[in-house]
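# Structural description and commentary
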Amino acid sequence: MIKFRLLSLFFVLSTGLGWAQTPLPDPLVSANGQRVKNAKQWHTKRRKELLELFTAEMYGQAPPRPKDIRFEVFDVDKNALNGKATRKQIAVYFNGKADGPRMDLLIYIPNYLKRPAPAILGLNFWGNHAIHPDPAIRITTSWMESGKGNPYVKLSCVTDHRATEGCRGVNAAQWPIDTILARGYALITAYREDIASDDAKTGFQKGIHPIYPDYQQRNDNFGTIAAWAWALSRAMDYVVTDKAIDAKRVAVFGWSRLGKAALWAGATDERFAMVISNESGAGGAKLFHRGVGENIRRLCTVFPHWYAASFKKYMDKDTLLPFDQHQAISLVAPRPVYIASAVDDKGADPQGEFAAAKAAESVYLFLGKTGLPATVIPPLNQSVQGQIGYHIRTGGHDVTLYDWKQYLNFADKHFN
């Protein structure tokens, strides 16, 4: 215990950042005040306790796997992208009904592999058709942002909040498919709006929420972040049936608010062998206890649909939370997790993201794994990788080719 406190003090003094304004809750101390003694206690008691805490107080209770879920493979092209890949498109009918909510999965699998491919699975912001100009990708019929004032992608192709042919490939810069395939990984993606509305005015009237009305009549209702995480698990339900993909080597990925969902998906579904959370910030990988960057009040007022109603009682109490995001990261342990920041992304609090990753290290070390091999935040554009990976790059809120290269290196390291 003394050694741990000295290490924490050294971290605070050497970074000049501080862990937090108030002491962080220890992920290895149970609610009854007793310290976890062994790995079995972590997996059977403490981990379950933390999952229940985050579910009740922040993310909300999501439904189980639907009994009537149905997968329809509506497109297979073994000569896609000039022969480099096999493209598959799968309609996921969440309640089994053709007129019910549907999520389209888009999959590219590298053709040169002679074995099941490891994969990266993540949701996209602007439709499957936006990540590549491939004319065979089905254009979403779900609601689309207009793109007005959007610094990440030009969506002048959107008419009355619906995508047109002109939207193909408009977001390709954030999805370097050729690089991912060349490194030996399949890519699996789906559009966020197929699953749940990210329009605060719409609330829970679209996507999967209307088929689960009972889950909204409670204080721990599942919000949009939890719905996206739930859908990532439903995508994984399909993946385990596809012999072309190595279901034991699937990394769940997300950027920004989708990085928040990816982290929660990895915490709740241990089938994901790796978690990659890119600039997820508040409610994702950063510490609330620092009192820096985007806060709980903003999350619950600007984005009231993201989290459970129960989370609102913590507005203006960021530094006093009985939990924090280092514990959410620790729920991934002992599986590898990568957290990434950008130096100009002040709202996401890069220092807080690094500090959360470092604070989660105690669980990894306790379980006999390496942690984050850095005692101070690393220099710009320098990745540090143990069982926990981290980098902070130049630039702002985005996901770039530099980010992807670090994630692929991390996957190579842990997926052999």
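Residues numbered from 1 in each chain as written. Predicted model: local features only at pLDDT ≥ 70, side-chain atom pairs only at ≥ 80, totals over all residues. Heavy atoms only, no water.

### Concerning the overall build of the chain
Keep this limit in mind: Here a strand is any run of E in DSSP of at least two residues, a helix any run of H or I of at least four, and the numbering for each starts at the N terminus. With the radius of gyration taken over C-alpha atoms, the globule rule is written as 2.2 Å times the number of residues to the power 0.38. We call a residue buried when its accessible area falls under 20% of the maximum for its residue type, exposed when it is over 50%, and partly exposed in between, using a 1.4 Å probe and counting protein chains only.
A count of helices and strands for the chain gives ten helices and ten strands. Whereas a compact globule of 416 residues would reach a radius of gyration of roughly 22 Å, the chain reaches 20 Å, a difference of no more than 12%. Dimensions along the principal axes, computed over C-alpha positions, put the chain at roughly 60 × 45 × 45 Å. For the chain, the proportion of its 416 residues judged to be buried stands at 59%.

### Quick word on unusual backbone geometry
Going from Ala-333 to Pro-334, the amide bond is cis rather than trans, its omega being 5 degrees. With respect to the secondary-structure elements, Pro-334 resides in the loop between helix H8 (325–330) and strand E8 (337–342). Here the phi dihedral of His-161 falls at roughly 60 degrees; this positive angle occurs in a residue that is not glycine. With respect to the helices and strands, His-161 occurs in the loop between strand E4 (117–124) and helix H4 (177–182).

### What about the side chain of Asn-128?
The condition is simple: Polar contact criterion, stated in full: a pair of N or O atoms within 3.5 Å, where within protein one must be able to donate a hydrogen and the other to accept it, and residues adjacent in sequence count only if both atoms are side-chain atoms. What makes two residues a contact is simply this: any of their non-hydrogen atoms within 4.5 Å.
Summarising the element assignment, Asn-128 is placed in the loop between E4 and H4. There is a polar contact of 2.9 Å between the side chain of Asn-128 and the side chain of Asn-124. Excluding anything up to four places from it in sequence, Asn-128 contacts Asp-104, Leu-105, Leu-106, Ile-137, Thr-189, Ala-190 and Tyr-191.

### Quick look at the side chain of Gln-89
Positionally, Gln-89 belongs in strand E2 (residues 85–93). Among the polar contacts made by the side chain of Gln-89, one reaches the main-chain carbonyl oxygen of Ala-136 at a distance of 2.9 Å. Apart from residues lying up to four places away in sequence, Gln-89 is in contact with Glu-72, Val-73, Phe-74, Asp-75, Leu-105, Leu-106, Ala-136, Ile-137 and Arg-138.

### Some thoughts on the state of the cysteines
Disulfide: a covalent bond formed between the sulfur atoms of two cysteine residues. Worth spelling out the cut-off: Note on terminology: pairs of cysteine sulfur atoms within 2.5 Å are recorded as disulfides.
Using the criterion set out here, one finds one disulfide in the structure. Two residues, Cys-157 and Cys-167, share a disulfide whose sulfurs are 2.0 Å apart. The disulfide joining Cys-157 to Cys-167 has a torsion of about 105 degrees about its S-S bond and is therefore right-handed. Remark: Cys-167 occurs in the loop between E4 and H4 and Cys-157 occurs in the loop between E4 and H4; sequence separation between them is ten residues.

### Re the packing of helix H5 (residues 224–239) against helix H6 (residues 257–268)
Just so we agree on the cut-off: Between N-to-C directions, angles cover 0 to 180 degrees, with each direction set by a line fitted to C-alpha atoms, over the stretch in contact for helices. Roughly parallel refers to an angle under 35 degrees, roughly antiparallel to one over 145, roughly perpendicular to one between 65 and 115, and oblique to any angle outside these ranges. Left-handed describes a crossing in which the near helix is turned anticlockwise from the far one by less than a right angle; the clockwise case is right-handed. Gly is placed with the polar residues, together with every amino acid not listed as nonpolar (Ala, Val, Leu, Ile, Met, Phe, Trp, Tyr, Cys and Pro) or charged (Asp, Glu, Lys and Arg).
Interaxial distance between H5 and H6 falls to 8 Å at its minimum, and their mutual angle equals 60 degrees. Between H5 and H6, the interaxial angle falls into the category oblique. For the pair H5 and H6, the crossing hand works out as right-handed. Note on element contacts: H6 touches H5 through Arg-257, Leu-258, Lys-260, Ala-261, Ala-262, Trp-264 and Ala-265, opposite Ile-225, Ala-226, Trp-228, Ala-229 and Leu-232. When the residues that make up the contact of H5 with H6 are grouped by side-chain class, the tally is ten nonpolar, no polar and two charged.

### Quick word on the environment of Gln-406
By the element assignment, Gln-406 lies in helix H10 (residues 401–415). With a relative accessible area of 10%, Gln-406 lands in the buried category. The sequence separation of Gln-406 and His-391 amounts to 15 residues, and the corresponding C-alpha distance is 8.4 Å. Each residue touching Gln-406, except ones within four places of it in the same chain, is listed here: Tyr-338, Ser-383, Gln-385 and His-391. A polar contact is formed between the side chain of Gln-406 and the backbone oxygen of Tyr-402, at a distance of 3.0 Å.

### Some remarks on the confidence of the model for the chain
For clarity, the cut-off: For every residue, the predictor states its confidence as a pLDDT score lying anywhere from 0 to 100.
Summing up the model confidence of the chain, the mean pLDDT is 94 and the portion of residues at 70 or higher is 95%. Across the chain, the element-wise mean pLDDT spans from 35 in helix H1 (residues 2–15) up to 99 in strand E7 (residues 274–278). Contacts from residues 1–17, a stretch scored under 50 in pLDDT, to residues over four places away or in other chains number 19 contacts.

### Examining H10
Definition in use: Here the expected span of a helix is defined as 1.5 Å times the quantity of residues minus one.
The end-to-end C-alpha separation of H10 is 20 Å, in line with the 21 Å expected for 15 residues at 1.5 Å each. Among all positions of H10, only Asp-403, Trp-404, Gln-406, Tyr-407, Leu-408, Phe-410, Ala-411 and Phe-415 are buried. Phi for Asn-416, located one or two positions after H10, is positive at around 55 degrees.

### Structural notes on the packing of aromatic side chains
For the record, the criterion: Each Phe, Tyr or Trp ring (for Trp, its six-membered ring) is paired with any other whose centre lies within 6.5 Å, and the angle between the two planes then decides the class: stacked below 30 degrees, edge-to-face above 60, tilted in between.
If you walk through the whole model with that rule in mind, you get 28 aromatic pairs. When the centroid spacing of 5.9 Å and the interplanar angle of 50 degrees are considered together, the rings of Trp-175 and Trp-404 count as tilted. Residue Trp-175 is located in the loop between E4 and H4, and its partner Trp-404 is located in helix H10; the two are separated by 229 residues in the primary sequence. Both residues of the pair, Trp-175 and Trp-404, count as buried. For the pair Trp-306 and Tyr-307, a centre-to-centre distance of 6.5 Å together with 80 degrees between the ring planes defines the contact as edge-to-face. Like Tyr-307, Trp-306 is buried. Taken together through their ring pairs, the aromatic side chains of Phe-54, Tyr-59, Trp-264, Phe-288, Phe-303, Trp-306, Tyr-307, Phe-311, Tyr-314 and Phe-323 make up a single cluster.

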